[in-house]
Every structure is written in C-alpha cells, then in structure tokens.
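Residues per chain, in single letters:
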Amino acid sequence: MMNQDEMKQAVAKAALDYVSDKIYSDSIIGIGTGSTANFFIDILTKLKGRFDGTVASSDASAKRLKQHGITVYDLNSTKSLDIYVDGADEANKQLELIKGGGAALTREKIVAATAREFVCIADESKLVDQLGAFPLPVEVIPMARSHVARQLVKLGGDPVFREGVITDNGNIILDVFNFPIDNPIKTEEQINNIVGVVTNGIFAQRPADVLLLGTPTGIKTVTA
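Everything numeric here is computed off the predicted structure, so don't read it as measured data.

## Focus: the environment of I219
Relative to the assigned elements, I219 resides in strand 13 (residues 218-222). With 204 residues separating them along the chain, I219 and A15 place their C-alpha atoms 10.0 Å apart. Not counting chain neighbours up to four residues away, the residues in contact with I219 comprise A10, V11, A14, L212, L213 and G214.

Here it is in structure tokens:
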C-alpha cells in the first residue's frame, strides 16, 4: 500500500504521461504550486526539450522550475497555455475545487483561466462530496481585512487571519472555517464581489477538466 507521498508521486507521473501526448515543441505548460505540483515539476525534466517552456503560479514554483533548467515565461508574454497542471486542497465530483492552502490562489486562478485544459492532480483524500471542510482561503488587500472578515461572517463563515503569511502579490489571507459550500459557483461570485477581496480559493467558474487521483491501488481518473 502506498503512503500519501507515494500517491502524490504516482499521480505526478500519471500527469506527465497524460500531458506528454498533448504537448508540442511550441507548447507552454502552466505549473501550479504545492507539494503535489512539486513532484510534477521534478519529473517534468523528462520532457525537457519537447515543449517551449512554462508559466508558474508562484515564485516558489518558478524557482524550482529554473533550478531544473526549465524555461519560465511571464504570462503576459504568452498568448495562451496548452495545459495547466496543479493540485487541490479539495475537489468534488463536478471537479470544482478549493485551492490556496499554499497562498498562491490568485495566480493559480489566473493561470487556470488562460489554459485550454486544467489537469488537477491529488491524492484520494482530497475528493469530497461537498466542498468546505478545508478552510476556504481568501486573498485580501491588507487595509480591507476587517471589512472583508465582517462580510464573510454575514455569509456564515468564521474567518481567521493567517498569521505571518504575505502572498506573492503583497496581500494577506483570511481562512474561512465552518463554511460548507452548497453552491460553489454562487459562493465564489459572492465572495469575489466583496470590496477588498482579490479572489477566493473556490475554483468553480473555471473548474478542472480532469482529476487524476492517487489511490493506494493506483490512479483513478475523474471527469465531470
């Protein structure tokens, strides 16, 4: 039986196999952030030379890619991404996600929005019937912290300031606890409409296209 790290490694390899048939010499691959994405970055070197380069969703991922000798582009210098590979903190069967445990949710959401295909990779513990057991990250302009927190309480959540964390964009994170999400698309929109919110970690308006899950007995593929 595989442990969690072994499942992450296995699903990263499955993602590599999945994308290898979908990339060309001029392809640009979007790369996510977090432990599972790191496993994917580490084995992406096997395809080095078969694609043009990457766009990273965080400074940390960009640094790791460059350490492997993989080209990293600024998103503004690219037209679109062929594929985006990233993990998730939670995923439901509609492939709607919660992301942002690593505080990179805004850039992750931007990269996902520009990709033709979003491949989510995770271990099986991340698949849930309803989003919300994982505290929902919300990136907030610092001066709006108290205002946004009050509005999140009105929506039924319990926001907690993530101490000591500044995003790559210079903002702060509020994690919303005790917040079951019945309608992810509606809730994503409601929170994003709060003045001072940069974005929230619900990926429902742009969900994943395919979810590759690492399980103790192998890889499970989930499509909406």
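There is more to say after this.
## Remarks on the sheet that holds strand 13
The six strands lie next to each other as 2-1-3-6-12-13, forming an open sheet whose pairing is mixed. For this open sheet the edge positions go to strand 2 (53-56) and strand 13, each flanked by a neighbour on one side alone. Averaged over neighbouring strand pairs, the angle between their axes works out to 25° when direction is ignored. Across four bridges, the pairing between strand 1 (residues 28-31) and strand 2 is parallel. Pairing of I31 across the sheet is with A56, part of strand 2. Where helix 1 (residues 4-20) meets the sheet, its contacts fall on strand 3 (83-86), strand 6 (118-123), strand 12 (210-215) and strand 13, and the angle it forms with strand 12 comes to roughly 145°.

## Some points on the nonpolar core
Of all hydrophobic cores here, the largest spans 26 residues; its most connected members are F40, L44, I121 and L212. Sorting the residues of this core by element identifies helix 1, strand 1, helix 2 (35-44), helix 3 (59-67), strand 3, strand 6 and strand 12 as the ones contributing at least two each. The element best represented in this core is helix 1, accounting for six residues. Beyond its immediate chain neighbours, meaning those up to four positions away, I121 contacts V11, A12, A15, T36, F40, V85, D86, G87, A88 and L212. By size, the runner-up hydrophobic cluster in this structure holds 20 residues, among which are V140, L174, I194 and A204.

## So, the packing of helix 2 against helix 3
Viewed as axis vectors pointing N to C, helix 2 and helix 3 meet at an angle of 20°, and their least axial separation amounts to 9 Å. Classified by the interaxial angle, the pair formed by helix 2 and helix 3 is roughly parallel. The interaxial crossing formed by helix 2 with helix 3 has right-handed handedness. Here N38, I41, D42 and L44 of helix 2 lie close against helix 3, whose contacting residues are S61, R64 and L65.

## Details of helix 1
Given a rise of 1.5 Å per residue, 17 residues ought to cover 24 Å, and the 24 Å separating the end C-alpha atoms of helix 1 matches this to within 8%. For helix 1, every residue scored as buried is listed here: M7, K8, V11, A12, A14, A15, L16, V19 and S20. The secondary structure elements touched by the buried residues of helix 1 are helix 2, strand 3, strand 6, strand 12 and strand 13. The N-capping residue of helix 1, defined by a side-chain oxygen 3.2 Å from the backbone nitrogen of D5, is N3.

## Brief notes about the environment of V198
Considering the arrangement of structural elements, one finds V198 in strand 10 (residues 197-200). Sequence separation between V198 and Q94 is 104 residues, and the spatial gap between their C-alpha atoms is 24 Å. Discounting chain neighbours no more than four positions away, the residues touching V198 are T106, E139, V140, I141 and N171.

## Let's talk about the packing of helix 1 against helix 2
Taken N-terminus to C-terminus, the directions of helix 1 and helix 2 make an angle of 50°; their axes are 8 Å apart at the nearest point. In terms of orientation, helix 1 lies oblique with respect to helix 2. Helix-helix and strand crossings are classified by hand; for helix 1 and helix 2 the assignment is right-handed. Note on element contacts: helix 2 touches helix 1 through S35, T36, F39, F40, I43 and L44, opposite D5, K8, Q9, V11, A12, K13, A15, L16 and V19. Here the residues of the contact of helix 1 with helix 2 are counted per class, giving nine nonpolar, three polar and three charged.

Reading guide: rules and limits
Residues numbered from 1 in each chain as written. Predicted model: local features only at pLDDT ≥ 70, side-chain atom pairs only at ≥ 80, totals over all residues. Heavy atoms only, no water. Helix = DSSP H or I, 4+ residues; strand = E, 2+ residues; numbered from the N terminus. Contact = heavy atoms within 4.5 Å. Pairing = 2+ DSSP bridges. Axes fitted to C-alpha atoms, helices over the stretch in contact; angles between N-to-C directions. Core = buried A, V, L, I, M, F, W, Y, C linked by side-chain atoms within 4.5 Å. Buried < 20%, exposed > 50% of the residue type's maximum accessible area, 1.4 Å probe, protein only. Parallel < 35°, antiparallel > 145°, perpendicular 65-115°, else oblique. Left-handed = near helix turned anticlockwise from the far one by under 90°. Expected span 1.5 Å × (residues − 1). Polar contact = N/O pair within 3.5 Å; in protein donor to acceptor, adjacent residues only side chain to side chain. Nonpolar A, V, L, I, M, F, W, Y, C, P; charged D, E, K, R; others polar.

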